[in-house]
Amino acid sequence: MDLTALRSENPDHWNKAAAIRALTLDAVAGANSGHSGMPIGMADVATVLFEKHMKFDITAPKWADRDRFILSAGHGSMLIYSLLYLMGDAQVTLDQVKNFRQSGALTAGHPENFLLDAVEVTTGPLGQGISNAVGFAMAEESLRAHYGKKVVDHYTYVIAGDGCLMEGISQEAIGLAGRHQLGKLVVFWDNNNITIDGTVDLSDRTNQVQRFKASGWHVQEIDGHNPAEIDAAIEAAKKTKKPSMIACKTHIALGHAAQDTSKGHGALTDADQLKAAKDAYGWTGGAYDVPAEIKSQWEEIGKRGAAARVEWEGRFAELSSQKQDRFNRAFALEAPKKLSATIKALKKQISESQPKVATRKASEMALEVINPIMPETIGGSADLTGSNNTKTGDLGVFDTDNRKGRYVYWGIREHGMAAAMNGMALHGGIRPYGGTFFCFTDYARPAMRLAALSKIPTVFVMTHDSIGVGEDGPTHQPVEHLAICRATPNTYTFRPADAVETAEAWEIALTSKETPSVIALTRQGLPTVRTEHKLSNLTEKGAYVLAEAESKRQVILMASGSEVSTAMAAKDILEGQGIGTRVVSVPCMELFHAQDEAYRRKVLPAGPVRVAIEAAVRDGGWDRLLLGERGQEKKAGFVGMQGFGASAPAGELFEKFGITAEGTVAKVKELLG
């Protein structure tokens, strides 16, 4: 490609884009690792986007009405770090660029939202960013409908690569965006025809342009190195009511010896080749050296949005004080003051009436009192609304003709739903929750992991939580999924025993600011075990004494979810035989492990036989409780699953696998000797 011609046609643009390319080469060479090719190839697109279209203020990276920029191809992180440094971001200093990918640096190998205020999304696993972006665009539509265009009116821009579009989640996201006509979503496809293994045709022949069109998108094809074409395409994208895909034909590692090759995807560190590339760009400075004139031009771009932000603040001040308070509270992830009293009232009602209900129904009961007082909640289900019990009567349905609707029919898209919910949460102003069967955690898992890593309080409602599913059989009976969720750092895994604990779990989930929640719920009806009303949220302790021993304490039974009532029944049998038994309900291991040692020892004192009961496989969390803080408990047992379930009525399955009061008593007596 003739770079001399590109340089001469538009030198101002070229020099600004060349600054991104030069910084990328220097930082990757300095780290001796990273990905040079994509930032170099997409520098022209990024330059036009930020110079002419992005609404943002570099001094206020969390301004609520800013345009959002998502780097779905997160391996190209030097693109965003270069932009932020050039525009004068307070966090991304030159030292941060020089320490790219080094210990303690904010400039991590892939962009991380919790390290840098101006990074919207943690990306790296391909396909996640474009899917998060759908949630961003949905959140913008919803908030604009509720607060008005004068307060909410912005775009979500995405750079996605060939790899993002090969991942299956991308089709879930693309289909959703087309269905909901998310006209403020613009995706730039870095169409460079290169993956790590070689050219794209080694593994794919999809016509991406036709694919997006078939999904209801507005599509344009341009030269990704022509600033005039890029500018015109963005202008056209902003005028359509459909989501937009701009196919940008680019050269990976433009101007480098590795241009248009798979080697260009990765770290370009050869000193001679680096110098030759800079020479081709007309870049004469030393390593990390950006001429003052070019740096000043970029800094002016960074400051450009300050006036728009000030104007927005004036318009925001015109809202009623009630709307301002609601807006600020939701963006601050503060629950309404009414929530605590509302949950307490529901708990009192349940303890008095003592219903026997499935905890999925109990979840609906909680949502029926929560949703009216938390207008920021948006619920949904992956085509299992009637089974997940996630829709309450006051929500309305989010659709093209009702952006105020607060319920989303996600379709059979567990992964896309989870990623889009993460996007809603990251956008701000929304508390998303969505449901599916617990066994389909497997489909949603990558996005659930990123919710934990990204420190965002997405709520995953997972019903049909055990062999209690019954006749649907082992394909639909989760046995290992509790272990997977509990093994994930920064995740609350709730398995409530009854409607009281379910309400308490929801209160914790909706007051969390940095931790996602998995709420695992039963299909089968469960008795109320919390028959004495307590004002305090006992689930917040993670585990607590539900029933104390009547005779001399010899046994501690621990259980979660549906098996807590099994433990209570076993206690009755054991107490009848003079064996004092304490029952400990364990709705959330993570919260219990977070308590101080004195509390943990009070709930689980040394000495008595310990037996855990759960209709799932034994996991490390149970081992820690069974074996004690120092692994010294000698008499400990587990009543639960050893393998997969089977197809039969639920009651028969619990008998078949020995997860019963009688089976628990037998295990206790075996340990007592």
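Anyway, here's the lowdown on the structure attached to this text. (Residues numbered from 1 in each chain as written. Predicted model: local features only at pLDDT ≥ 70, side-chain atom pairs only at ≥ 80, totals over all residues. Heavy atoms only, no water.)

**Structural notes on the sheet that holds strand β1 (residues 68–71)**
Thinking step 1. The strand order β1-β2-β3-β5-β4 describes an open sheet built from five strands, whose pairing is parallel. Taken across any chain shown, the strands that pair with only one partner, and hence form the sheet edges, are β1 and β4 (218–223). Ignoring which end each strand starts from, the neighbouring axes of this sheet average 20° apart.
Thinking step 2. With six bridges joining them, strand β2 (residues 156–161) and strand β3 (residues 185–191) adopt parallel strand pairing. Looking at β3, one finds that Thr-156 is bridged to Leu-185. (Pairing = 2+ DSSP bridges. Helix = DSSP H or I, 4+ residues; strand = E, 2+ residues; numbered from the N terminus. Axes fitted to C-alpha atoms, helices over the stretch in contact; angles between N-to-C directions.)

**A short note on the pairing of β3**
Thinking step 1. Counting buried positions over the seven residues of β3 gives seven, a clear majority of the element.
Thinking step 2. By the alternation rule, side chains of β3 split into Leu-185, Val-187, Trp-189 and Asn-191 and Val-186, Phe-188 and Asp-190, which are all buried.
Thinking step 3. Examined bridge by bridge, β3 and strand β5 (residues 244–249) share six bridges and lie parallel to one another. Bridge pairing links Val-187 to Met-245 in β5. (Buried < 20%, exposed > 50% of the residue type's maximum accessible area, 1.4 Å probe, protein only.)

**What about the sheet that holds strand β18 (residues 636–641)?**
Thinking step 1. Ordered in space as β14-β16-β15-β17-β18, the five strands form an open sheet in which the pairing is mixed. Of all the strands in the sheet, just β14 (544–547) and β18 have a single pairing partner and so form its edges. Sheet twist, expressed as the mean angle between neighbouring strand axes with direction ignored, is 30°.
Thinking step 2. Direction of pairing for strand β15 (residues 553–559) relative to strand β17 (residues 609–617): parallel, over a ladder of five bridges. Pairing of Met-558 across the sheet is with Ala-612, part of β17.

**Digging into helix α28 (residues 661–672)**
Thinking step 1. The end-to-end C-alpha distance of α28 is 16 Å, a good match for the 16 Å that twelve residues give at a rise of 1.5 Å each.
Thinking step 2. If you check which residues of α28 are buried, you get Ala-661, Thr-664, Val-665, Val-668 and Leu-671. End-on, the buried residues of α28 take up no more than an arc of 125°, which puts them together on one face. Looking at α28, the residues exposed on the side facing more than 90 degrees away from the buried face are Glu-662 and Glu-670.
Thinking step 3. Summarising the contacts, the buried residues of α28 are in contact with β15, α23 (563–576), β17 and β18.
Thinking step 4. Phi turns positive, to about 75°, at Gly-673, one or two residues after α28. (Expected span 1.5 Å × (residues − 1). Arc of directions from axis to C-beta. Contact = heavy atoms within 4.5 Å.)

Interpretation in functional terms is not warranted from these geometric data alone.
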